[in-house]
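Residue-level structure breakdown
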Amino acid sequence: MLGLFSELKLAVPWGHIAAKAWGSQKGSPILCLHGWLDNANSFDRLIPLLPRDFYYVAMDFGGHGLSSHYSPGLPYYYQNFVGEIRRVSAALKWDRFSIMGHSFGGTVGGMFSCMFPEMVDKLILLDSSPFALDSNELENLLTYKRKAIEHTLLVEQAAGEPRALRPQEMLQRLLKNNSHVGEECGELLLQRGATQVPAGLVLNRDRRIAWPEHTFDFISKELCAHAIKKLQAHTLLIKATEGFFDVRREYDADKGLILFMTDQLKSALGERFQFVEIPGNHYVHMNQPDHVASIIGSFLQSRNRIPGQL
């Protein structure tokens, strides 16, 4: 059992990226990436169930958890989050490592794995996809970019102390906004995602971060197919039967995009790709970590590692 962890603070130009680590630094490194508006506590219930002979580092993306907010005027673009992985790996002096990402974290990790294929040994996607596709979004893309700019300006104009809420009220808001998170897991996310002040709790996250569609880089099927061919990593995609199938929930009935993605992964990776469907919702790795732990553990311990290419 990997119950004990240590806190890390990694310097970046705008402050620091916070992370928590389990296991020995001598173990093979695995970078764990949380979902949208979550934080590193997303992995607190899963990592203790995973094999001990790895070094797990769960980071808080910029503006999330205990990580510094971006500097004033700097937007939270998808590419910036991808760049954070490179900064963290450089700070930890990792030349090659594995990535485990939930939801948004899997998409960021997937893009990184295609941009820096020689650095990623294994890629684990937890109810996620390596890319967000634009097939349902072409009419909305310019609107998203406009709204992202307008939202940032509104937040800057309304600068001031964030509103404090009673702990139970904040928890209920979190659960209302994300019905897939159970109460116990909601409390766990708030332990790292909020700070106690005299008036109650205030969220730690940067208020400039709002809707995922404002940040995602939606790509075409053509670019997706091209990028996946760059992957060198063995890839495991764990799909929850009651999970999400698209960035926006209104498109969840359309299973076409996930089928396209898995077909592309199978075609490009062959035996290096593994797809497993399990019962559970989008937060199954938190709500029922035992449902995924043995699958992930077997995948990590398999010997079919891909040698780095020069």
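Where an unreviewed UniProt entry is consulted, the chain appears under the name Serine hydrolase like 2, with the organism given as Myotis myotis. The UniProt entry for the chain carries the following comment under Sequence similarities (unreviewed entry): "Belongs to the AB hydrolase superfamily."

This brings us to the confidence of the model for the chain. When pLDDT is averaged along the chain, the result is 90; 94% of the residues meet or exceed 70. For the stretch residues 305–310, pLDDT sits under 50, and the model shows 15 contacts to residues farther than four places along the chain or on other chains.

Two elements in contact, helix α6 (residues 221–228) and helix α7 (residues 256–269), have axes separated by 9 Å at closest approach and are oriented at 30°. Between α6 and α7, the angle is such that the two are roughly parallel. Seen from above, α6 lies across α7 with right-handed handedness. Contacts between α6 and α7 involve Lys-221, Cys-224, Ala-225 and Ile-228 from the first element and Leu-257, Phe-260, Met-261, Gln-264, Leu-265, Ala-268 and Leu-269 from the second.

In this section: unusual backbone geometry. In the Ramachandran plot, Lys-93 falls in the positive-phi region, its phi being about 60° despite a non-glycine side chain. Inspection of the secondary structure assignment puts Lys-93 in the loop between α1 (78–91) and β5 (97–102). Phi angles above zero are rare outside glycine, and Asp-127 is one such case at about 45°. Its location among the elements puts Asp-127 in the loop between β6 (120–126) and β7 (132–133).

Here the focus is the nonpolar core. Residues Leu-31, Val-57 and Phe-131 are the most contacted members of the largest nonpolar core, which totals 55 residues. What Leu-31 contacts, discounting residues up to four positions off in sequence, is Val-57, Met-59, Ile-85, Val-88, Trp-94, Phe-97, Ser-98, Ile-99 and Met-100. By size, the runner-up hydrophobic cluster in this structure holds 26 residues, among which are Ala-40, Phe-43, Ala-240 and Ala-293.

Compared with an ideal rise of 1.5 Å per residue, which puts twelve residues at 16 Å, helix α2 (residues 104–115) spans 17 Å between its outermost C-alpha atoms and is within 8% of the ideal. By the criterion of burial, α2 is predominantly enclosed, with eleven of the twelve residues buried.

The next point concerns the sheet that holds strand β3 (residues 28–33). The eight strands lie next to each other as β1-β2-β4-β3-β5-β6-β11-β12, forming an open sheet whose pairing is mixed. At either end of the open sheet lies a strand with only one pairing partner, and these are β1 (5–12) and β12 (273–281). When the angles between neighbouring strand axes are averaged without regard to direction, this sheet yields 20°. In terms of strand pairing, β1 meets strand β2 (residues 15–22) through eight bridges, oriented antiparallel. Along β2, the bridge assignment pairs Leu-10 with Ile-17.

Rules of the game
- Residues numbered from 1 in each chain as written.
- Predicted model: local features only at pLDDT ≥ 70, side-chain atom pairs only at ≥ 80, totals over all residues.
- Heavy atoms only, no water.
- UniProt positions renumbered as here; feature names shortened; annotations may be inferred.
- pLDDT = per-residue confidence, 0-100.
- Contact = heavy atoms within 4.5 Å.
- Axes fitted to C-alpha atoms, helices over the stretch in contact; angles between N-to-C directions.
- Helix = DSSP H or I, 4+ residues; strand = E, 2+ residues; numbered from the N terminus.
- Parallel < 35°, antiparallel > 145°, perpendicular 65-115°, else oblique.
- Left-handed = near helix turned anticlockwise from the far one by under 90°.
- Core = buried A, V, L, I, M, F, W, Y, C linked by side-chain atoms within 4.5 Å.
- Buried < 20%, exposed > 50% of the residue type's maximum accessible area, 1.4 Å probe, protein only.
- Expected span 1.5 Å × (residues − 1).
- Pairing = 2+ DSSP bridges.

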